[in-house]
Amino acid sequence: MPKTRIARTIDKLRTRELPTPVEVKRTFIGGGIGCGCSGCGEVIGGSERAYYCRVGDVVLPFHVVCHETWIRWRPANGSPLVGEASLES
Ligand SMILES: [Zn+2]
């Protein structure tokens, strides 16, 4: 069975491909613009709602469900994660 968007977002958090949500400076909500989700990696279609989170100098797009997963996720040991954020265009 293919992994769900939530499962793939958690995978990225565990492997530290995603920065922690505490690093977010601003969040915008809007429609999908066909870019890849920073959580699950799937394209956010034009008919879907998306969150755009500014972290440092980059903006990370997320599906609504992936954003929800991301902001609620906490590392098991409670220590902050440090990750490199990148945008795929
Ligand atoms: Zn997603």
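One can find the structure itself at the top, above this paragraph.
Report on the accompanying structure.

**Some details on helix α1 (residues 5-14)**
Right, so step 1: Restricting attention to buried positions, one finds in α1 the residues T9, K12 and L13. Viewed end-on, α1 has its buried residues packed into an arc of 100°, placing them on one side of the element.
Right, so step 2: On its buried face, α1 sits against α2 (64-72).
Right, so step 3: One or two residues past the end of α1 sits R16, with phi positive at roughly 65°.

**Digging into the packing of α1 against α2**
Right, so step 1: Running from N to C, α1 and α2 cross one another at 40°; their axes reach a closest spacing of 9 Å. Between α1 and α2, the angle falls in the class oblique. Where α1 crosses over α2, the two elements pack in a sense that is right-handed. Along the contact surface, α1 presents R5, I6, T9, I10 and L13, while α2 presents V65, C66, T69 and W70.

**As for the environment of C37**
Right, so step 1: Relative to the elements of secondary structure, C37 occurs in the loop between β1 (24-31) and β2 (49-55).
Right, so step 2: A residue is classified by how many C-beta atoms lie within 10 Å of it, and C37, with 24 of them, is buried.
Right, so step 3: Put simply, C37 and A50 are 13 residues apart on the chain and 8.7 Å apart in space, counted from C-alpha to C-alpha.

Rules of the game
- Residues numbered from 1 in each chain as written.
- Predicted model: local features only at pLDDT ≥ 70, side-chain atom pairs only at ≥ 80, totals over all residues.
- Buried ≥ 20, exposed ≤ 12 C-beta atoms within 10 Å, placed from the backbone.
- Helix = DSSP H or I, 4+ residues; strand = E, 2+ residues; numbered from the N terminus.
- Arc of directions from axis to C-beta.
- Contact = placed C-beta atoms within 7 Å.
- Axes fitted to C-alpha atoms, helices over the stretch in contact; angles between N-to-C directions.
- Parallel < 35°, antiparallel > 145°, perpendicular 65-115°, else oblique.
- Left-handed = near helix turned anticlockwise from the far one by under 90°.

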